[in-house]
Structures are given as C-alpha cells and as structure tokens.
Amino acid sequence: MQVGFPNLNIFFEFDNVAFNIFGIPIYWYGVLFATAYLLSLVFIKRNDGLYNIKAEDVLLTSTIAILFGIVGARIYYVLFNLDYYLSNTSAIFDIRSGGLGIYGGLIFGFFGIYLMSKILKFNLLDMLDYIVPYIAISQCIGRIGNFINVEAYGYQTDVFWKMRIFTENGFYDVHPTFIYEMLITLAIFIFLYIRRNKRTFKGQQLLTYLGIYSFGRFIVEGFRADSLMLGTFKVSQVLSLVIFIICIFVWIYKWVNNEKKRC
C-alpha cells in the first residue's frame, strides 16, 4: 500500500513482510519487536546494578514479562473485538497479522514481573523503575510497525502534517496518530533515562511513565479512527483517564508524606 505526506512530498510503498526465511514470511512487526528487545538489552547491560538489581535478573524478568505481555495484549484486543473473533476463531491466534492492545500487554506484563519478584526475591518497584524506560522506547519502535501496516491512524484531516493513504478508489488524508504516540514515548524514554539516578522514592519512574503516557494516550486516542470501543466509549481513553487520575492522587500522597518527613 502507498502512503505519504503530501505537504512534505514524501511517499512510501509498503509491504508488511520484511523478508522470507525458507519460504516463511517474516513480518516487519517481528523485526521491529526484535530490534526493540535488542536495544533494550544494550541499555540494561550498561546499567547493571542500578537499584541494586543484577542485569541478568532484569534480562530474565523482562523476557518473561514480554511473553506475558504478548499474550495479554492479544487477549485484550480479542475481547474488545469479540463478535468478529467468535465468528473467526482461527484468527484468534493469528498474531502475526496484528491486533494487540497495549493496556492488556502492560497488565499481563506487570503480572509476569510480579511472579518473577517472588521467584528471584527482588523488590517489585525497583524492577519496575528499572525497566519502564525500555518499555517506552519499545513502544516507540513498535509504532513504526503501525506505519508500515498502515494502521492506528486517525480521522480525516487537513493539517499540514497529514498522512495520505492511497486506495483503489482514490486517497484520503488522516492524522498520523502513530507518530504522535512515537514522539510521546520517545520523550518519555529520554526523560526517564536521564532521571534514572534521581528518584526520591521507589516507584517514581513507574509513576512518571504511567502518568505521562496515560495523559498523552488520552489525547491521541481522541484523534484515532480505529479505537477499541465499549459502547460509545473508547476503551483506551477511559483507561487512560483512570490511570492518570490515580497517578495524580499517588503523587499528591507521596508529596504530602515527604513534606511531613521534612517537618
């Protein structure tokens, strides 16, 4: 499919298959996922010992969290498209064709990390603070897959940075919402990575990530045309709002407690 940015005179022709190995198609989603994972490994090794956590424990835990996260992201997506998948049950396991919900991935991934904290005996909040910057950069890289698959875009628009999608019946211009989220998650990664040694309480990195991401996702979701729906509500917007409000209350609680300790 051809897409582009007409006001920048930049156009692309995409195929969601990156290459083939012995006749087996390897999709760009898989390539990008592997790239994000390998990049995260580099940062994890460079920060061995951060929060008194060994890099090998982070590597093992993150691998388990990813496996849990993929399952959770798929379950989340299927549940909110249940009518379709009940009629096409074989498509439930066709994960290579796309269809993942980030909040499902985060919830199941967290559960995987919790289980590993019990097995390896590390502090759960320390581990979460350690890995959330790499969750953010992985999300950023993953959104490139949305671009290649021509998905996760927004409503039709005429803004200067509009993205043009060409079809057999012509073309239409839309908000490139995947780029909005790419920029948000990239900014989150940079901010969290710079401040990784400056936290004032356990869970601060996690709270910062959840607060900024949920706020940004709430806004971006308002422009998306393919949102998962629950009645008349966009599921991700509702969840984002709830998470953001919880983060605000936790920040207030932590601030009040710190002020009391100073007194």
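All figures in this text were calculated on a predicted structure; none of them were measured in a lab. Each chain has its residues counted from 1, running along the sequence as written. Local features in this predicted model are restricted to residues of pLDDT 70 or higher, and side-chain atom pairs are both shown and tallied only at a pLDDT of 80 or more, whereas totals for entire chains, interfaces and linings draw on every residue. Excluded from the side-chain calculation are hydrogens and water; included are all heavy atoms of the structure.

(A) Fine view of the environment of Phe244. Helix and strand assignments come from DSSP, with helices taken as H or I runs of at least 4 residues and strands as E runs of at least 2, each series counted from the N terminus. Its place among the elements puts Phe244 in helix H8 (residues 235-262). Note on classification: 1.4 Å probe, protein chains only; a residue is buried when its accessible area is under 20% of the maximum for its type, exposed when over 50%, partly exposed between these limits. Residue classification places Phe244 among the partly exposed positions, given a relative accessible area of 26%. With 183 residues separating them along the chain, Phe244 and Thr61 place their C-alpha atoms 26 Å apart. Contact definition: two residues touch when any of their heavy atoms are within 4.5 Å. Contacts of Phe244, omitting those with residues within four sequence positions, involve Gly211, Ser214 and Phe215.

(B) Summary view of the sheet that holds strand S6 (residues 170-174). On the basis of which strands lie adjacent, the open sheet formed by four strands has the order S2-S1-S5-S6 and antiparallel pairing. Here the strands that pair on one side only, and so sit at the sheet edges, are strand S2 (10-13) and S6. Ignoring which end each strand starts from, the neighbouring axes of this sheet average 20 degrees apart. Paired strands, in this sense, are two strands between which DSSP finds at least two bridges. Of the pairings in the sheet, the one linking strand S5 (residues 163-167) to S6 comprises five bridges and is antiparallel in character. Of the residues in S6, the one forming a bridge with Ile165 is Tyr172. A fitted line through C-alpha atoms serves as each axis, taken over the contacting stretch for helices, and the angle formed by two N-to-C directions is quoted from 0 to 180°.

(C) Quick look at a nonpolar patch on the surface. Residues enter a patch when their relative accessible area is above 30% and they make no salt bridge; the linking distance is 9 Å between like charges and 5 Å between nonpolar side chains (Val, Leu, Ile, Met, Phe, Trp, Tyr). Per-residue and other accessible areas were derived by the Shrake-Rupley procedure at a 1.4 Å probe size, with only the shown protein chains allowed to occlude residues. Any Lys or Arg side-chain nitrogen found within 4 Å of a carboxyl oxygen on Asp or Glu counts as a salt bridge. Residues Val71, Ile75, Leu79, Leu82, Leu86, Ile107 and Phe108 make up a contiguous nonpolar surface patch of about 620 Å² in total accessible area. Sorting the residues of the nonpolar patch by element identifies helix H2 (55-79), helix H3 (82-87) and helix H4 (102-120) as the ones contributing at least two each. It is H2 that provides the largest number of residues to the nonpolar patch, a total of three residues. Within the secondary structure, Leu86 sits in helix H3.

(D) Looking closely at unusual backbone geometry. With a phi angle near 60 degrees, Asn52 is a residue other than glycine that sits in the positive phi range. Position of Asn52 relative to the elements: it lies in the loop between helix H1 (28-46) and H2. The exposure class of Asn52 is exposed, given its relative accessible area of 78%. For Val150, which is not glycine, the phi dihedral falls at a positive 55 degrees. Structurally, Val150 is set in the loop between helix H5 (124-149) and S5. For Val150, a relative accessible area of 12% puts it in the buried group.

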